[in-house]
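Close look at the chain arrangement
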2 protein chains.
Amino acid sequence: MTPEDTWTIVEAPFRPALARAYEGLFTLGSGYLHVRGSLEEHLSDCPQNLQYTRLPANVTSERFPETKVKWGTYVPGVFGRHPLLNLEMINLPHFIGIVPFVDDERLDVERGEVSDYSRRLRLRDATLVRTLHWRTQAGKTVELRFERFVSADRPHLCVQRLVVTPHDDIRLAIQSGIDADVRTNGHDHFTSVSCQPIAVDGVRCRILTDLGETVEIVSHLRGSTDWSVAESERAVGRATARPVSAGESVIFEKRTAVCTGRDLEASDPTALLQSASRATYDELHEAHAAVWRRRWSGCDVVIEGDDPSQLAVRVAVYHLLRAHVPNDPRVAIDPKGYAGDAYWGRFFWDTEMFLLPFFLYTDPDRARTLVDFRVQSLAGARANARRYGYAGARYAWESAPDGSECCPNWQYADHEVHVTADVVYGLVHYARAADNENYLRGPAAEVLVETARYWMQRLDWRDGDSGPSLLGVMGPDEYMPISSNNSFTNALVAFALRAAAEYGAAGGADQAELAAFAQAAASLPLPRADDDALVLQCEEFPRLADPSFDRLWRNRSRSFASQVSQERLYRSKCLKQADVIMLMMLDPDRFSEEEAKRAWTYYLPYTTHDSSLSAGVHAIVAARLGRDQEAWDFWQRGKAVDLDIDHGGAAEGIHIANAGAVWQMIIFGFAGMRTAMQADTLTLHPRLPAAWRRLTFPIVWKRTPVQISVTHTEVRIANRGAAPLAAGVVDEVRTIVPQEEEVWAHRR
Amino acid sequence: MTPEDTWTIVEAPFRPALARAYEGLFTLGSGYLHVRGSLEEHLSDCPQNLQYTRLPANVTSERFPETKVKWGTYVPGVFGRHPLLNLEMINLPHFIGIVPFVDDERLDVERGEVSDYSRRLRLRDATLVRTLHWRTQAGKTVELRFERFVSADRPHLCVQRLVVTPHDDIRLAIQSGIDADVRTNGHDHFTSVSCQPIAVDGVRCRILTDLGETVEIVSHLRGSTDWSVAESERAVGRATARPVSAGESVIFEKRTAVCTGRDLEASDPTALLQSASRATYDELHEAHAAVWRRRWSGCDVVIEGDDPSQLAVRVAVYHLLRAHVPNDPRVAIDPKGYAGDAYWGRFFWDTEMFLLPFFLYTDPDRARTLVDFRVQSLAGARANARRYGYAGARYAWESAPDGSECCPNWQYADHEVHVTADVVYGLVHYARAADNENYLRGPAAEVLVETARYWMQRLDWRDGDSGPSLLGVMGPDEYMPISSNNSFTNALVAFALRAAAEYGAAGGADQAELAAFAQAAASLPLPRADDDALVLQCEEFPRLADPSFDRLWRNRSRSFASQVSQERLYRSKCLKQADVIMLMMLDPDRFSEEEAKRAWTYYLPYTTHDSSLSAGVHAIVAARLGRDQEAWDFWQRGKAVDLDIDHGGAAEGIHIANAGAVWQMIIFGFAGMRTAMQADTLTLHPRLPAAWRRLTFPIVWKRTPVQISVTHTEVRIANRGAAPLAAGVVDEVRTIVPQEEEVWAHRR
């Protein structure tokens, strides 16, 4: 690998079976606008307007229609109502199409004679480049180079370029336009579509969604002065044709702007294109690349000695940076990172637990919009609580932008209540990491109080118990749908109640309420067994059935859930993902090393890791426990989730929570950094993998920028801020003066 | 009440808000064909072709479209595929319409000036008669009398008559035809519809269902020689008009025959009508009434001293007799008794537990078709087992005619497994009641073995336990969705395994398998608490949350489930219906009186009776326990289920399982008859309600017809068979010679 290879994802050659996985992985986006990495000329026999009824099945075991590729164009927050599945993000009209024809033969990389094919996503400047040689049936050879980027500098704008260089004299034709004949999960959310040519080289598509939102897309083409028009009911295109001589290079450009009725600033795609019209392609690209350079400077994690790991963390960080919508707290980041609609563009607990930490410690302003998302959607959480018959606020397992519950599967919607406590954990995490306690006494205070009021009514009381319980709960392990006193849930709820007791006066709670919050927090049990040595996932766990993995889980390359019925999962000692172990990751000092080891050896044999959220948590805890080989194995597994093209990878979108976990595995696992929830002072407990020579990364610790470097023999922490910084490695705390670096000798 | 009043349900006057409830209650049927009691002329603003998406919601809390009336025409077994809800019985074209016009004004009992309205369902001869006086807007008065019956003698045939007698000279017009513009649960199951006039006075409608079944309906009209035709895409009608003088009576007749491609004998509606054409209305009616007289003679329960109870049991028995499909084991009886499609015409555990006993002890041949239904659907049960990953056969919670699972709600489909044991209970019950042990060694043997094989794989093994468990189970109480070792389920499964061990050799099981069945049966636990005094519904029950009925169940006239969220039901000590108590009803000798009383006092305060299956079970156990007032209260509640018109009653169809329970409350509760599962000798333990003077009923005990009469001072048992019969009252057993009666002195 060259150094640039650790900044580049490469597809070469083209293989149809992998096209959909690359399409997800190659998603470009500006936060505001996201486009999957579809081929400009598309493939044949691959319609994108299939109408079907996606049922409220279990998404983890669901099978999606097996199309070779799947277009995806998303503006976060543009939602529609699905007749069975509630609100979902809408897949918008497809505007990146550019189809070259040579002597009337259409480019088809699947069926044509194509060589030297490569497609590269340059992570450094978020630019997708494809080059190929195409030999037509008539025997003529043409070189093609497609480039595109969604501008980080002008977030409504997508810019594309095509360079055609024939080796023979040819007649070249180009078709390009906007295609609104698309569906979202098989459903048509457009109540009206208007597609028209505009000016002499443009096309415009206006749609109205079933929730009354307008979306307008305008494309302008460059590279010809003679563009004919092709219109149909739900599409509009332009075409041009000309002879090209051997060796001549012809350049076409397509610039598209997307605006919607919910944009924070009034916007108009024609005006946006107009304002960009005097800039050249290179100028637009440089402005875009400059934004990405600034972004990377604040978060690039450098791993020396392991190029595959280096590439993996850059892929993860690229998608985290791409998927975050700057300055718009009306949305967060959906589980597919706006690179697919399999999870309907909704917001899960991923936000607080898997995504927020990366932003908290690299760019607190971006983190702020994620926590503000929960503050702004409080009304929806209140409505959820009312619908379930409770006071206060109950955050949705699958949240629409307005906070309303959209999950169509009752076992999650009804029982996976920990999300409401996770939200509070995120608010407090933000306040501590950004050193902004006022946030909890200000914007967040009402969330703290309202969610605590919900918990006070959600608590259960049982005969013979002196304190409350939380019954009928699904914890993080989704293979235990209805359980009693799930430790993770109880611990997080107790945390949330304590936070409400501490800061709730500002949110309208009186003294009696605050005292009740504190008392409930103190009395929620964490069930244990084996003379208290084993923290139980829930009271029922020891009495579940043996999962009989040897007999029932024959093919370990596929999930356990794909090989047994749901009812067996629901009665067996099989975990989908970390549950007690996740609690120990979040709150390590609460448990002794003995307890952590006991939990590890007890639960691990039962854990299927069927969830992509599992590996990262296990890697972090393994690193802390000094289980280096297991930590390394989980790292390998976690970093591969989206890059494992052969097994589907990102076909349905990026596993963005896992991308957050990739970053956490390095920072919280191998560098052993304690979060601001775990320590007031920046502290590292490094467990660098043997294969890594050096690990270097920037973070922001309570507003102070810090540069950290870890090797097998030393740790360097550089204070890049303006005030002294206390920092420690294991137990050795020092004060670092501004703009200086301290070095700790260290031996793993 | 006159004696005839205890044979008649009366609607008078017409009230639109109650129309739908009477429509269900007035359902007529021949077993083969069923028609809801809709008004011949229909109502205005009440379209029956509303297309909507019925979602897989929880049927007990579901709300149905609020139409004033709902047509329903059913041939059991004619199913279609609903896109979301799997297979369902199809609502067939509506053929009972007859619309009178006077001087061009259409009869409308809701909006017109109608007096002396009464509609009577004569239970004795299963005939529906409506009479009314109608004063038109022009001030003319007309007497109308509508009659109809679905012939018990010719089960494909429905015969209708309309007699019009004006008080003034009028011009009378009649329209009548077949309307195929109907839906089933909002869905259109017809892939083709062909409606045509035939002959000079007939109409024909042929439909093809989405499963490829043909249904053909032909109507012929009488009473005019001049019938014009009105055709539309999905309907066809005939019309005639003539002047009628004051005092003259005009009679119209409509005869309709329905045949389908799945009829057991090749049939043709035109031929069937032809063969009936020479019979007069009265002759057809008399042949029909004769069948009903024979039916009643074998099962009429006579209660002296309580006319409302007398009527209630006759209503129940009428619908049981109507809904049963004679000689067709490809279907059983659906939960709405073919008087509605809310439960999709599928077959539930109701068959064995609530419906079968009535037939077993009044008409064993009819009972045989119900148990044969499970034998013939074994292939579907095998397919269900395979789909869940098990060997053997697993009967469906909601069975299609072919045995396949259709329940769209996973908590029931996956977890309410007791139905598979209930099926075996039904087979053995038939064998014992009909004194036909060969049935278990013959047709039923394979069901016994195959279901036992399923159980052997479904058993769970837990660390530290010496025997197996059944985990992840929903018992009869559907508010406890996933529980461990539900006593009812374990007891029934153990019973089924014992039966398989005893008779399974004939079903292909080898000695090792039989031994394994027996051993598993012996080791399934019945969990207990309180020093074994309390039989637990399941292991988790004592640790559920207090249901807080005082706080949460404010309106006791509506179900608890309608006032709290499902997740609260699922974690609270609230029972939807009898669970342990139901086990004690089935197997009273297994439990001491102390245990029964303990269970009664423990569970009753937690029982919501939200299910219509609850009251009957409680009445029977209360009677056995000598809790006479409670038995009486539950009787009152159970007998009112379909007759409580003001609260909806039978609007969505007859609660046919409750109808079976109405009969059981009397026979097993107040007469205290032990079933053939509970005693080898006919035995009564009467607890006659104080208000009843005498209770008289016929039964068949192990092939011997018996007449029983119970008063507060004596019990008479008459042997109507050809062989001596041993029978007892409480502990006093005697032998009754053929055609003689024994009298026991008795004091309650």
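Preceding this paragraph is the structure being described.
Reference entry: report on the structure contained in this document. (Residues numbered from 1 in each chain as written. Chains lettered and ligands numbered in written order. Predicted model: local features only at pLDDT ≥ 70, side-chain atom pairs only at ≥ 80, totals over all residues. Heavy atoms only, no water.)

**Points about the pairing of strand E6 (residues 86-89) of chain B**
All names here are of chain B.
- Relative to E6, strand E5 (residues 79-82) is paired through four bridges, and the arrangement is antiparallel. Looking at the pairing, arginine 81 lines up with leucine 87 of E6.
- If you look at the hairpin formed by E5 and E6, you'll find three residues sitting between the two strands. (Pairing = 2+ DSSP bridges. Helix = DSSP H or I, 4+ residues; strand = E, 2+ residues; numbered from the N terminus.)

**A word on the sheet that holds strand E10 (residues 127-135) of chain A**
Residues and elements named next belong to chain A.
- Taken together, nine strands build an open sheet; the order of strands is E1-E9-E10-E11-E12-E19-E16-E15-E14 and the sheet is antiparallel. The open sheet has two free edges, formed respectively by strand E1 (8-11) and strand E14 (190-198), since each of these has just one partner strand. Recorded for the sheet is a direction-independent mean angle of 15 degrees between the axes of neighbouring strands.
- Relative to strand E19 (residues 250-260), strand E16 (residues 214-222) runs antiparallel, the two being bridged by eight bridges. Bridge pairing in E19 links arginine 222 to glutamate 253.
- Each of strand E12 (157-166), E16 and E19 is contacted by helix H2 (residues 269-276), which is oriented at about 140 degrees to E19, the strand it contacts most.
- Sheet strands touched by helix H3 (residues 281-297): strand E9 (113-122), E10, strand E11 (141-150), E12 and E19. Its angle to E11, the strand with the most contacts, is close to 45 degrees. (Axes fitted to C-alpha atoms, helices over the stretch in contact; angles between N-to-C directions. Contact = heavy atoms within 4.5 Å.)

**Description of the side chain of Lys336(B)**
- Of note, Lys336(B) is situated in the loop between helix H4 (307-323) and helix H5 (350-360).
- Sequence-distant contacts of Lys336(B), that is, excluding residues within four places in its chain, are made with Ala342(B), Tyr343(B), Glu652(B), Gly653(B), Ile654(B), His655(B) and Ile656(B).

**Thoughts on the relation of the copies chain B and chain A**
- At an RMSD of 0.1 Å, chain B and chain A line up after a rotation of 180 degrees and a shift of 0.1 Å along the axis. Seen this way, the second copy is the image of the first under a two-fold rotation axis. Relative to the rotation axis, the closest C-alpha in chain B is found at Ile482(B), a distance of 3.9 Å.
- Take the interface residues of chain B: 100% of them recur as interface residues in chain A, which is what a same-surface contact looks like. (Least-squares fit on C-alpha atoms with pLDDT ≥ 70 in both.)

**Here we look at the interface of chain B and chain A**
- If you look at the interface, chain B gives 33 residues, while chain A gives 33 residues.
- Between chain B and chain A lies a buried interface of about 2900 Å² when both sides are counted; carbon and sulfur atoms form 47% of it.
- Where chain B meets chain A, there are eight salt bridges.
- Linking Arg571(B) and Asp460(A) is a salt bridge whose minimum nitrogen-to-oxygen distance equals 2.8 Å.
- Taken together, chain B and chain A are joined by 18 residue pairs in polar contact (both at pLDDT 80 or more).
- Elements with a minimum of two residues in the side of chain B that touches chain A: helix H8 (410-415), helix H11 (445-458) and helix H15 (566-569) of chain B.
- When residues in the side of chain B that touches chain A are grouped by element, the largest group, four residues, is from H8(B).
- Partitioned by chemical class, the residues of the side of chain B that touches chain A number 14 nonpolar, seven polar and twelve charged. (Buried area = accessible area lost by both parts, 1.4 Å probe. Salt bridge = Lys/Arg side-chain N within 4 Å of Asp/Glu carboxyl O. Polar contact = N/O pair within 3.5 Å; in protein donor to acceptor, adjacent residues only side chain to side chain. Nonpolar A, V, L, I, M, F, W, Y, C, P; charged D, E, K, R; others polar.)

**Some thoughts on the sheet that holds strand E7 (residues 98-102) of chain B**
All names here are of chain B.
- Pairing is antiparallel across the open sheet formed by five strands, whose spatial order is E8-E7-E13-E18-E17. Looking at strand neighbours, the two that pair on one side only are strand E8 (105-106) and strand E17 (228-232), the edges of this open sheet.
- Sheet topology places E7 next to strand E13 (residues 170-179); five bridges connect them, and they run antiparallel. From the neighbouring strand, valine 102 faces E13, where its bridge partner is leucine 172.

**Describing the pattern of salt bridges**
- Scanning the model with the defined rule gives 107 salt bridges over all chains in all.
- Across the salt bridge formed by Asp188(A) and Arg234(A), the nearest N and O atoms sit 2.7 Å from each other. Here Asp188(A), found in the loop between strand E13 (170-179) and E14, pairs with Arg234(A), found in the loop between strand E17 (228-232) and strand E18 (235-244); they are 46 residues apart in sequence, far enough to count as distant.
- Of the charged contacts, one joins Arg234(B) and Asp181(B) as a salt bridge, the two residues approaching to 3.5 Å between their closest N and O atoms. Remark: Asp181(B) occurs in the loop between E13 and strand E14 (190-198) and Arg234(B) occurs in the loop between E17 and strand E18 (235-244); sequence separation between them is 53 residues.
- The exposure class of Asp181(B) is partly exposed, given its relative accessible area of 24%.
- Salt bridges sharing partners connect three or more residues here, namely Arg382(A), Glu446(A), Glu450(A), Arg453(A) and Glu513(A). (Buried < 20%, exposed > 50% of the residue type's maximum accessible area, 1.4 Å probe, protein only.)

**Looking at unusual backbone geometry**
All names here are of chain A.
- In this structure, the amide linkage connecting alanine 12 to the following residue, proline 13, adopts the cis form with an omega of -5 degrees.
- You can see proline 13 is positioned in the loop between E1 and helix H1 (19-25).
- Here alanine 199, not a glycine, exhibits a phi torsion of approximately 45 degrees, which is positive.
- By the secondary structure assignment, alanine 199 is in the loop between E14 and strand E15 (202-209).
- Since its relative accessible area comes to 62%, alanine 199 is described here as exposed.
- Positive phi is not limited to glycine here, since aspartate 435 has a value of about 50 degrees.

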